[in-house]
Amino acid sequence: MHQSKLLLPTMREAPSDAIAISHQYMLRAGLIRPVASGIYTYLALGRRVLHKVAAIVREELDKTEAQEILMPAMQPAELWEQSGRYSVYGPELMRLRDRHHREFALGPTHEEVITSLIRDEVSSYRKLPLLVYQIQTKFRDERRPRYGLIRAREFMMKDAYSFNTDWESLDRTYWQMYEAYERIFTRCGLTFRAVEADAGAIGGEGDTHEFMALADIGEDTVVTCTECHYSANLEKASSRPPKVAASTDASSREMAAPVPKPEKIHTPEIRTIRQLTDFFGIKPDQLLKTLIYSADGQPVAVVIRGDHEVNEAKLKNALQANHVELADEETTRSITGAPVGFAGPVGLNVPLWVDQEAASVRSGIAGANEQDYHLHNVHPGRDFSLDRVGDLRNVKEGECCPYCYGELKFYRGIEVGHVFKLGTKYSEPLEASYLDKAGQQQTMVMGCYGIGLSRVLSAVIEQNHDGDGIVWPFSIAPYQVHLIPVSVQDPVQCKLAEELYQRLSAAGVEVLIDDREERPGVKFKDSDLIGIPVRIVIGKQASEGLIEFKERKSTVQQVLTIEEALSRIQELVKANTSDREII
Ligand code: 9G3
């Protein structure tokens, strides 16, 4: 491609509202342009990268006998009413009416559409397992679109769905897709972790793993063990107490002196953890923090140690609720009779959910449910009920791995893939069933598997850039070679550049030639910005048949003959585009 013909509007500065480096470089390198908040046009360079990522996805999925189909974006509301999800999703689900005023949704995902298709077309076990996928635009009306393609309102997703006869068959398909994802993200040049993820409160779902590309801008927290392969989304991660001498375990708790009755202490304006630990001269782990939540609109009290934080995903699962959120100030006041900071578990008449480590505090300090008063000597089980105890908290960095006592470390991650065992969550309500060998009607067991293609672009840039711009991995770069004649006025340079362009293109190498009448400095700055892996500069030494060779990821520039440069390029192309298996 001749750059003088390419719409490639590079910018020296990114707009101030672009916070993420990947968003800044996508705008500055002319990959995307905003149409509205969270809605983008992909210009030529951006589309070429997206297309390469999609090609890798197709290659790896087609190896697994998955078949590619294409479903509509417009989905009749009836399907979502049958699955029961039409009312569950709020403003995030884009809704519209057709000319007959019939209701539709713009698809954020396609479980309903695909399940109704398979229900109508498949009825025998002989046709299962069936694995279909599509690469298609998704619509989710995010409240706060941000970070460019990381959280967009219209984005490209590969979504796959499997229909299995039973859970055992689903398990095989699930791990087959999991391994395909490992190959896909490796080939895209991403550093990633597959983490155990929260399967959501609604029953009928099994395992689920998220593929997280490690990046500081990532919205998710990945918890990883330093010793073993344990890796989990913070929403799901657990830990266990360190191995300690037997003397301080639960049994010694019983032997210790009985805890005196709770006593009210006047604590004027003492409400924060910090103020309480100073006032009582205790550590935060002796505080019994009580938070009032609203779970699907019903109030509940959550009791947790002062040094821990509530994990709302775990709480939601424990409560089997669709939605949980902290109650507002006046709800807290009306339920506890006191402002936030003086709430406590003793004498509350709402359901009490206690984190398991708060439950094993022997004698704690808690709010007295009275302004400016706290209780000490509060003994869980005696002074408040332990009928509902569970793991309701976030693990903390440095705690022990639940499997091997290794140390848990936190990383930020961008979720680029997600594999789910759905079970019968959709096949049940949509009545997708099949006749088994014995002629019995059985409900299909499903899995679903997503990759955020546009998010992969952002994640790759977050992990592959420097101060001058993007450093594309060869496998998904928009072009493979950037040919730069320093001066298009010089006939020798131009002639050589065009010759090279023809030879490389004829050899199947993807070349962008910067034939613009621009100063060299502008050409080099743009070249660093758009991040094409190999740069060939044709300058003064062109008359001696010598050119400058440089890889974008290295600082080394070499003066080579044409033939030397061509063979270096052939090597790089060969090494980077064969779909090499991951050993
Ligand atoms: C909605 C809206 C947003 C959503 C969903 C539904 C996320 C929704 C989860 C999934 C599960 C998998 C197939 C590909 C992989 C992910 N956001 N999810 O179901 F109506 Cl507005 O999409 N689907």
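Here the structure is shown first, and the text comes after it.
Residues numbered from 1 in each chain as written. Predicted model: local features only at pLDDT ≥ 70, side-chain atom pairs only at ≥ 80, totals over all residues. Heavy atoms only, no water.

1. Quick look at empty space enclosed by the protein
Turning to step 1, where the next piece is worked out: Here the structure, examined in full by the defined rule, presents one cavity of 30 Å³ or more.
Turning to step 2, where the next piece is worked out: The space that makes up the largest cavity amounts to roughly 40 Å³.
Turning to step 3, where the next piece is worked out: Around the largest cavity, the lining residues are Ser527, Asp528, Ile532, Arg535, Lys550, Glu551 and Arg552.
Turning to step 4, where the next piece is worked out: Those elements giving two or more residues to the lining of the largest cavity turn out to be helix H13 (520-530) and strand S30 (546-551).
Turning to step 5, where the next piece is worked out: Of the residues belonging to the lining of the largest cavity, the class tally is one nonpolar, one polar and five charged. (1 Å grid on protein atoms, 1.4 Å probe; cavity = no way out; pocket = protein on both sides within 12 Å on 5 of 7 lines; lining within 4 Å. Points joined across faces, edges and corners; volume = space filled by probe spheres on them. Helix = DSSP H or I, 4+ residues; strand = E, 2+ residues; numbered from the N terminus. Nonpolar A, V, L, I, M, F, W, Y, C, P; charged D, E, K, R; others polar.)

2. Here's the deal with helix H14 (residues 562-577)
Turning to step 1, where the next piece is worked out: Here H14 is 16 residues long and its end C-alpha atoms lie 22 Å apart, about the 22 Å a rise of 1.5 Å per residue gives.
Turning to step 2, where the next piece is worked out: Every buried residue of H14 is accounted for by Ile562, Ala565, Leu566, Ile569, Leu572 and Val573. Buried positions in H14, seen along its axis, are confined to an arc of 125° and lie on one side of it. (Expected span 1.5 Å × (residues − 1). Buried < 20%, exposed > 50% of the residue type's maximum accessible area, 1.4 Å probe, protein only. Arc of directions from axis to C-beta.)

3. As for the packing of aromatic side chains
Turning to step 1, where the next piece is worked out: With the rule as written, the count across this model stands at eleven aromatic pairs.
Turning to step 2, where the next piece is worked out: Taking 5.3 Å as the distance between ring centres and 55° as the angle between the ring planes, the aromatic pair formed by Tyr181 and Phe211 counts as tilted. Residue Tyr181 is located in helix H5 (residues 167-187), and its partner Phe211 is located in strand S10 (residues 208-214); the two are separated by 30 residues in the primary sequence. When sorted by exposure, Tyr181 lands in the same class as Phe211, which is buried.
Turning to step 3, where the next piece is worked out: Both rings, one in Phe279 and one in Phe280, keep their centres 4.9 Å apart while their planes meet at 75°; by these two values the pair is edge-to-face.
Turning to step 4, where the next piece is worked out: The class for Phe279 is partly exposed, based on a relative accessible area of 39%.
Turning to step 5, where the next piece is worked out: Residue classification places Phe280 among the buried positions, given a relative accessible area of 18%.
Turning to step 6, where the next piece is worked out: Taken together, the aromatic side chains of Tyr174, Trp175, Tyr178, Tyr181, Phe185, Phe192 and Phe211 make up a single cluster linked through ring pairs.
Turning to step 7, where the next piece is worked out: Here the guanidinium or amino end of Lys421 rests over the ring plane of Tyr174, the centre of that ring lying 4.9 Å away. (Phe/Tyr/Trp six-rings, centres within 6.5 Å; stacked < 30°, edge-to-face > 60°. Lys NZ or Arg CZ within 6 Å of the ring centre and 35° of its normal.)

4. Description of the state of the cysteines
Turning to step 1, where the next piece is worked out: The tally for this structure, following the rule as stated, stands at zero disulfides.
Turning to step 2, where the next piece is worked out: For Cys225, which is in no disulfide, the shortest distance to another cysteine sulfur is to Cys404 and amounts to 3.5 Å. (Disulfide = S-S within 2.5 Å.)

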